[in-house]
Amino acid sequence: MQGLSGLLLVLFVWAHMFFESSILLGKDAMLWVTHMFEGVHVFGEPYPQLVSAAALVVFLLLALHAGLALRRLPARAREYRAIHTHLRSIHHADTTVWYVQVVTGFALFFLASAHLIQVMLQPDAIGPYASSDRIWSGRFWILYALLLITVHVHAGAGFYRLVMKWGPLTAANAAALRRRTRTLAIFIVGFFLLLGGASLATYMKIGYEHRALVGERYVPGSHADLNGGE
Amino acid sequence: MKPTPMQTIPLKQSRTLRIEILRHNPADPDSHPHLQVFEIEEAETMTLFIALTEIRQTQDASLQFDFVCRAGICGSCGMLINGRPGLACRTLTRELPDTIRLAPLPGFELIGDLSVNTGKWMRGMSERLETWVHRENIEAIDIDAVEQRMAPELAEQLYELERCIECGCCIAACGTAQMHEDFVGAAGLNQIARFRLDPRDTRSDADYYELVGDESGVFGCMTLLGCEDYCPKNLPLAVQLAFLRRKMARQGL
Amino acid sequence: MQIIYTDVLVVGGGLAGQRVAIGARRRGLDTIVLSLVPAKRSHSSAAQGGMQASLGNCLGGAGDNEDIHFADTVRGSDWGADQAVVRMFAHTAPKAIRELTAWGVPFNRVASGERTISVDGESKVISEPDESHGLITARNFGGTAKWRACYVSDGTGHAMLYTMSNRAIAEKIPVHERMEAVALICDGPRCCGAIVRNLMSGELLAYVAKATCIATGGYGRIYRVSTNAVINEGIGAAIALQTGVATLGNMEAVQFHPTGIFPAGILVTEGCRGDGGLLLDGAGHRFMPDYEPEQRELASRDVVSRRMEEHIAAGHGAQSRFGEHLWLDIRLLGEAHIASKLREVKEICQYFLGVDPAQELIPVRPAQHYSMGGIRTDHNGHSQTLTGLFAAGEAACWDMHGFNRLGGNSVAETVVAGMIVGESIADFCASDAGALTVSTTLVQESLRREEGRLQAIANSTGDESVYELTGLMQDTMTRNVGIFREGEKLQEAVADLRSLQQRAAAIRLRSTARGASPELVATYRLRHMLRLAQCTAYGALQRTESRGAHFRADFPRRDDSQWLKRTLARWPDPDADTPELSYEALDIARMEIPPGWRGYGERDYIAHADSARRQQQIDALLADVPETDRAARQQALMPFRHLLPAHLRADNQRVGDGQ
């Protein structure tokens with residue numbers, strides 16, 4: 001269950017990265033994606049409540065995941081001491097990575113919750129300018145930068161362990177699977193950090209340029225053809 | 001004829017090894033865990049078995065540790081060697097730095113110094129997981145008759161899993177087992193995988209699920225893979241755990 | 001003071017002890033096993049190569065049966081064995097392996113069809129029969145006419161011990177781990193249990209039992225270079241000796257294994273040679289065929305070890321800074337074979353020598369390996385002099401190995417003996433003789449005596465070091481009571497041991513640590529070991545012949561006319577410095593195979609007059625029995641089945657039966 005909720009969250013986060021990075025393709029592309037989530041392409045007009053609902057689902061999933069994960073963490077002082085003694089002594093890569101996951105998971109519980117609650121409460125505040133204003137003028141870039149790093153380290157490590165948890169089929173392939181999955185996970189994390197970093201920078205740039213006009217929403221100009229529904 | 005390293009390795013300048021041992025004698029109310037430092041001259045092909053025996057014989061006769069076969073077969077001498085679990089008897093000092101820190105395997109009841117009660121833990125595990133062939137009328141087997149046939153490959157696969165020497169390194173290397181005392185660890189789960197593979201054992205997956213289908217069993221494992229990395233016998237533990245997890249998950253659904 | 005009452009007390013948690021316990025438990029007796037270490041760490045686990053049982057499944061074993069196994073074992077023993085016991089053993093071994101198989105041991109199986117093997121240094125293709133596919137296979141071992149060593153890769157003992165231990169756990173037999181029997185409780189000629197020391201806390205307690213069975217293995221650690229585990233100090237045999245009532249048999253019969261890795265003495269299995277490995281000298285020459293054209297590398301262990309030392313003495317050893325040695329070459333077996341059938345060997349070579357045996361030679365030299373001698377018992381494992389004391393396995397001398405044991409016969413013996421002795425213990429407990437009334441006073445006295453002994457050691461103000469004396473004992477045994485023995489050296493050993501016994505009284509402990517106190521343990525064990533060593537050295541000095549592993553350079557011939565007898569050692573006077581020896585003649589008139597040439601080794605021996613007479617008698621007895629009826633022929637010569645428990649008497653079936 002923990003694995004499954006983790007898997008769904010990982011898939012969500014990775015997909016999310018592609019959607020938000022649509023800003024790299026331009027404001028219109030990002031607006032199109034925003035409209036897609038608001039149901040504009042289906043219903044003809046935006047229903048930001050859909051975004052709230054999606055955020056709620058993710059939030060619940062997150063809460064479930066965190067709740068399940070909590071059972072595995074040291075609960076008593078003895079357990080806490082044992083795991084820290086163990087970590088200090090063994091210097092074992094996979095165990096250390098797990099500990100990094102514990103720390104990032106703990107951070108994520110707050111960072112991701114903050115992000116999700118904001119989306120739930122202000123579902124309509126997503127858009128090329130709205131988002132950028134929040135990031136720059138609203139100083140949300142600090143949250144997002146932290147979130148970006150923690151979530152990807154956490155998700156990448158989770159992905160690796162999920163594969164090793166269920167994947168190995170034969171003794172001969174286990175070592176190779178482990179090696180390849182580790183490489184792949186590092187590559188994926190790197191990729192999303194670059195993608196996310198670039199997107200964040202773009203939002204920050206737009207936000208900076210738009211700082212005087214905070215509150216104004218983006219209206220597509222010569223790209224109306226993109227918004228087929230309107 | 002190829003010469004062996006014994007003839008080709010030049011005599012090295014011998015080192016003085018600094019061996020730091022975490023000592024504690026629970027039988028003595030005045031004893032508290034502390035590091036004691038011993039210095040000994042390294043000898044050619046010296047193992048930790050030889051080094052510890054020499055320390056006990058020449059420096060401190062009260063030092064407790066366990067060796068039985070001193071050939072890497074019986075699993076008695078698991079300990080933390082510079083923080084990592086391993087078999088002391090087959091660890092050559094020449095592969096270690098000048099300072100060697102030894103500590104008892106964590107996760108087991110301490111008997112004294114480097115000696116821990118792995119036997120008690122393993123017996124408990126065996127009783128709990130019923131690590132024996134279950135079959136009807138096992139007391140009334142016909143031992144005059146030709147034995148039942150078994151595919152040669154299957155016999156070899158069974159031995160692959162049977163090679164566990166219950167040294168406890170996988171438990172000491174496992175963050176989960178260190179935190180959760182009731183976790184059966186790779187040593188236990190490997191046993192389930194071994195008997196599950198054995199056609200002579202008539203237990204079904206439902207029976208095995210009863211034994212390990214929970215958080216103290218296969219679903220407690222967090223895949224930290226310390227067991228896989230520190231198993232002195234190189235047992236295919238990651239594979240067995242994944243396999244068992246799949247089977248038990250299916251059974252649980 | 002804690003007293004634990006039980007029906008059966010088994011001292012030793014190896015294969016033999018646990019099988020005895022299972023047998024007794026199944027007969028409804030309360031049974032407790034004591035073990036120095038966790039039972040699965042017992043030295044049985046170090047047996048690598050195989051277990052002899054005449055299943056005759058694989059091609060190399062085709063046509064094998066109990067008769068051939070019996071003959072091989074008797075010849076291997078150099079006619080020192082009790083032939084009735086050997087018969088019981090050879091007959092029960094197939095049952096033992098089938099029982100273990102049903103309990104879960106994953107013995108390697110015959111794969112039908114062609115495969116390549118290595119014989120005499122050459123590759124050869126053989127074809128395993130289809131009808132045997134999936135049955136238990138076997139490998140070749142020394143001194144055997146057939147491939148008979150059934151194996152689980154080269155972890156045979158490990159797999160057997162784990163299965164046996166698991167079975168004992170399943171049958172809810174308590175194993176009291178890290179407990180050492182330090183003395184037997186005796187009421188005159190009746191053994192009533194043991195005084196036991198807890199090796200974790202140091203406390204003493206008493207176990208009172210109707211029957212006490214010693215299954216503590218051998219006493220290899222009286223030697224410096226030994227393949228044995230460090231716990232193999234023979235304490236079980238020693239506490240029996242200490243009673244002054246029980247006897248030890250053939251203590252001078254000590255086996256040296258040809259292939260201990262050099263210099264550590266760690267064993268690499270006979271299976272290396274069984275599978276086709278060769279012995280080479282310093283010049284890379286394969287020397288065994290020069291000495292032993294019949295069996296070459298696969299003569300019995302005593303012969304091969306002797307030839308190796310002879311070859312080294314003739315100046316053909318390989319030099320290293322640790323001294324001289326020879327080479328074991330298993331490169332010709334190929335990487336795949338080594339990785340699957342000799343993987344422990346591979347690991348040992350890697351870890352201890354830094355050698356890959358698929359590519360490089362393994363430095364070897366004979367090392368002490370096995371104690372044929374032990375607590376003298378009858379064919380039921382019951383001491384003939386101390387009622388209620390039983391022994392099984394290497395600790396016992398019931399006497400199936402005589403003066404040399406064949407490879408693969410020891411693990412087989414442990415289980416077979418366990419099956420037989422477990423039953424005889426149950427029979428004993430059910431009989432009038434088994435009833436036990438023991439006074440608490442007696443138990444308390446025994447306990448106090450042991451407490452006093454330990455206290456005396458702790459209080460001793462002498463100036464000797466236990467570790468130094470232990471080293472001196474091991475040195476004199478290795479130097480003077482080794483493979484080649486002679487009067488002068490043996491006298492030196494006896495004198496050395498005498499002086500060490502005296503010095504041992506002056507051992508002072510340097511540590512006063514509470515609890516287990518390893519130094520205290522070493523001290524009381526050394527006193528025991530010195531007596532075992534003295535039995536060995538003194539017995540060897542008196543035996544002025546060469547037989548099996550006991551080789552006297554000054555009496556190089558086997559002398560059946562004088563020495564066809566078993567040495568019995570007793571130690572009735574605790575203050576004496578040598579044992580009291582007596583001899584038990586072996587009766588040729590009751591032998592199935594009268595003494596002759598073994599088929600390998602020295603051809604020269606002094607025959608006993610009865611040998612030829614018995615052979616004539618045998619020829620006459622067999623004249624009327626058809627050759628096809630081997631059971632009847634055997635029965636005519638030496639009936640033995642009545643000696644076995646009823647459920648072990650039936651014929652063993654084989655896949656080729658009725659063809």
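Residues numbered from 1 in each chain as written. Chains lettered and ligands numbered in written order. Predicted model: local features only at pLDDT ≥ 70, side-chain atom pairs only at ≥ 80, totals over all residues. Heavy atoms only, no water.

### As for the overall build of chain A
Consideration 1: Scanning chain A from N- to C-terminus turns up nine helices and zero strands.
Consideration 2: In chain A, the succession of helices and strands from N to C terminus is α-α-α-α-α-α-α-α-α.
Consideration 3: Taking the principal axes of the C-alpha coordinates as reference, chain A spans close to 60 × 40 × 30 Å.
Consideration 4: For chain A, the proportion of its 230 residues judged to be buried stands at 44%.
Consideration 5: As presented, chain A carries roughly 12,100 Å² of accessible surface, and 72% of it is formed by carbon and sulfur atoms.
Consideration 6: Positive and negative charge centroids in chain A, built from 18 and 12 side chains respectively, lie 23 Å apart. (Helix = DSSP H or I, 4+ residues; strand = E, 2+ residues; numbered from the N terminus. Buried < 20%, exposed > 50% of the residue type's maximum accessible area, 1.4 Å probe, protein only. Areas by Shrake-Rupley, 256 points an atom, 1.4 Å probe, with all protein chains shown as cover. Lys, Arg positive; Asp, Glu negative; His and termini not counted. Charge placed at Lys NZ, Arg CZ, Asp CG, Glu CD.)

### With respect to a nonpolar patch on the surface
Residues and elements named next belong to chain A.
Consideration 1: A grouping of Met1, Leu4, Leu7, Leu8, Leu11 and Leu64 is seen on the molecular surface, where their side chains present a nonpolar patch of about 560 Å² in accessible area.
Consideration 2: Of all the elements, helix α1 (residues 2-20) adds the most residues to the nonpolar patch, at four residues.
Consideration 3: For Leu7, the location among the structural elements is in helix α1.
Consideration 4: Residue classification places Leu7 among the partly exposed positions, given a relative accessible area of 34%. (Patch = residues over 30% accessible without salt bridge, like charges linked within 9 Å, V, L, I, M, F, W, Y side chains within 5 Å. Salt bridge = Lys/Arg side-chain N within 4 Å of Asp/Glu carboxyl O.)

### So, the pattern of salt bridges
Consideration 1: Counted by the stated rule, this structure contains 84 salt bridges over all chains.
Consideration 2: Close ionic contact of A:Glu79 with A:Arg76 constitutes a salt bridge, the shortest N to O distance being 2.9 Å.
Consideration 3: You can call A:Glu79 buried: its relative accessible area is 3%.
Consideration 4: Of the residues examined, A:Arg76 reaches a relative accessible area of 56% and is grouped as exposed.
Consideration 5: Residues C:Arg543 and C:Glu252 are paired through a salt bridge, measuring 2.9 Å at the closest nitrogen-oxygen approach. Here the residue C:Arg543 occupies a position in the loop between α15 (518-542) and β21 (551-552), and C:Glu252 occupies one in the loop between β11 (248-249) and β12 (254-261), the gap between them amounting to 291 residues. For the pair shown, C:Arg543 and C:Glu252 are each scored as buried.

### Let's talk about helix α6 (residues 93-121) of chain A
Consideration 1: In a regular helix each residue adds 1.5 Å, so 29 residues correspond to 42 Å; α6(A) covers 40 Å between its end C-alpha atoms and thus fits that length.
Consideration 2: At A:Leu108, α6(A) shows its largest kink, close to 35°. (Expected span 1.5 Å × (residues − 1). Bend = angle between axes of the 7 residues up to and from the residue.)

### As for the packing of aromatic side chains
Residues and elements named next belong to chain A.
Consideration 1: A full pass over the atoms with the stated rule returns 21 aromatic pairs over all chains.
Consideration 2: Ring geometry for Phe19 versus Phe37: centroids 4.8 Å apart, planes at 75°, classification edge-to-face. Taken together, the residues span a long stretch of sequence, with Phe19 in helix α1 and Phe37 in helix α2 (residues 27-38) at a distance of 18 residues.
Consideration 3: Given a relative accessible area of 33%, Phe19 falls into the partly exposed group.
Consideration 4: Judged by its relative accessible area of 38%, Phe37 is partly exposed.
Consideration 5: The interplanar angle of 80° and the centroid separation of 5.9 Å between the aromatic rings of Phe106 and Phe110 together place this pair among those described as edge-to-face. A residue pair is termed a helical-turn pair when its members lie 3 or 4 positions apart in one helix, as Phe106 and Phe110 do in helix α6 at four residues.
Consideration 6: Judged by its relative accessible area of 53%, Phe106 falls in the exposed class. (Phe/Tyr/Trp six-rings, centres within 6.5 Å; stacked < 30°, edge-to-face > 60°.)

### Observations regarding the interface of chain B and chain C
Consideration 1: Contacts between chain B and chain C engage 82 residues on the former and 100 residues on the latter.
Consideration 2: Summing the contributions of chain B and of chain C, the shared interface buries around 7,300 Å²; its carbon and sulfur component is 54%.
Consideration 3: Summed over the shared surface of chain B and chain C, the number is 11 salt bridges.
Consideration 4: At the junction of chain B with chain C, the criterion picks out 41 residue pairs in polar contact (both at pLDDT 80 or more).
Consideration 5: Secondary structure elements with two or more residues in the side of chain B that touches chain C: α1 (5-8), α2 (48-58), β7 (115-116), α3 (118-129), α4 (152-162) and α7 (185-197) of chain B.
Consideration 6: No other element matches α4(B), which puts seven residues into the side of chain B that touches chain C.
Consideration 7: Here the residues of the side of chain B that touches chain C sort into 39 nonpolar, 18 polar and 25 charged. (Contact = heavy atoms within 4.5 Å. Buried area = accessible area lost by both parts, 1.4 Å probe. Polar contact = N/O pair within 3.5 Å; in protein donor to acceptor, adjacent residues only side chain to side chain. Nonpolar A, V, L, I, M, F, W, Y, C, P; charged D, E, K, R; others polar.)

### Focus: the confidence of the model for chain A
Residue and element names in this part refer to chain A.
Consideration 1: Summarising the model, chain A shows a mean pLDDT of 88, and 96% of its residues fall at 70 or more.
Consideration 2: The least confident element of chain A, judged by mean pLDDT, is helix α3 (residues 40-43) at 82; the most confident is helix α8 (residues 140-166) at 93.
Consideration 3: This stretch, residues 222-230, has a pLDDT under 50; its non-local contacts, to residues over four places away or in other chains, come to seven contacts. (pLDDT = per-residue confidence, 0-100.)

### Considering the interface of chain B and chain A
In many reports, interface size means the accessible area that the parts give up when they come together.
Consideration 1: Listed by partner, the interface residues are 32 residues for chain B and 28 residues for chain A.
Consideration 2: Overall, the association of chain B and chain A removes approximately 2,500 Å² of surface from exposure, summing both partners, and the carbon and sulfur fraction of that is 56%.
Consideration 3: Considering only the side of chain B, the residues that lose the most area to chain A are B:Met179, B:Met222 and B:Leu224, jointly responsible for 24% of the buried surface there.
Consideration 4: If you look at where chain B meets chain A, you find three salt bridges.

### So, the sheet that holds strand β1 (residues 16-23) of chain B
Residues and elements named next belong to chain B.
Consideration 1: Taken together, five strands build an open sheet; the order of strands is β2-β1-β5-β3-β4 and the sheet is mixed. Both edges of this open sheet fall to β2 (34-41) and β4 (84-87), since each of them pairs with a single strand only. Ignoring strand direction, the axes of neighbouring strands in this sheet form an average angle of 35°.
Consideration 2: Pairing of β1 with strand β5 (residues 99-103) involves four bridges; the strand directions are parallel. Counterpart to Arg18 in the pairing with β5 is Thr99. (Pairing = 2+ DSSP bridges. Axes fitted to C-alpha atoms, helices over the stretch in contact; angles between N-to-C directions.)

### So, the arrangement of the chains
Consideration 1: By contact count, the leading pair among the two pairs of chains in contact is chains B and C.
Consideration 2: Separating chain A from chain C is a minimum C-alpha gap of 14 Å, and the two share no contact.

### Things to note about the sheet that holds β11(C)
All names here are of chain C.
Consideration 1: Strand order across the open sheet formed by five strands is β19-β17-β11-β23-β24, with mixed pairing between neighbours. Two strands in the sheet have a free side with no partner beyond their single neighbour: β19 (396-397) and β24 (580-585).
Consideration 2: Across two bridges, the pairing between β11 and strand β23 (residues 565-570) is antiparallel. In the strand pairing of β23, Leu248 is matched with Ala569.
Consideration 3: Contacts from helix α5 (residues 235-242) reach β11, β17 (374-376) and β23 within the one sheet, and its direction differs from that of β17 by about 40°.
Consideration 4: Sitting on the sheet, α15 is in contact with β11, β23 and β24, with an inclination near 60° to β24.

### Details of the environment of B:Thr131
Residues and elements named next belong to chain B.
Consideration 1: The topology assignment puts Thr131 in the loop between α3 and α4.
Consideration 2: A residue is classified by how much of its surface remains accessible, and Thr131, at 1% relative accessible area, is buried.
Consideration 3: Distance in space between the C-alpha atoms of Thr131 and Gln191 is 6.3 Å, their sequence separation being 60 residues.
Consideration 4: Separated by 2.8 Å, the side chains of Thr131 and Ser126 make a polar contact.

### A closer look at the side chain of C:Glu413
Residue and element names in this part refer to chain C.
Consideration 1: Its location among the elements puts Glu413 in helix α11 (residues 409-430).
Consideration 2: Despite being buried, Glu413 has no salt bridge partner; Arg405 is the closest side chain of opposite charge, sitting 6.2 Å away.
Consideration 3: For Glu413, the contacting residues outside a window of four places in its chain are Phe89, Tyr370, Gly393, Glu394, Trp398, Met400, His401 and Gly418.

### Focus on the side chain of C:Asp275
All names here are of chain C.
Consideration 1: Its place among the elements puts Asp275 in the loop between α6 (271-274) and β13 (278-280).
Consideration 2: Among the polar contacts made by the side chain of Asp275, one reaches the side chain of Arg139 at a distance of 3.0 Å.
Consideration 3: In this structure the side chain of Asp275 is engaged in a polar contact, spanning 2.8 Å, whose partner is the side chain of His337.
Consideration 4: Beyond its immediate stretch of four places on either side in the chain, Asp275 contacts Ser118, Arg139, Leu333, His337, Lys341 and Leu342.

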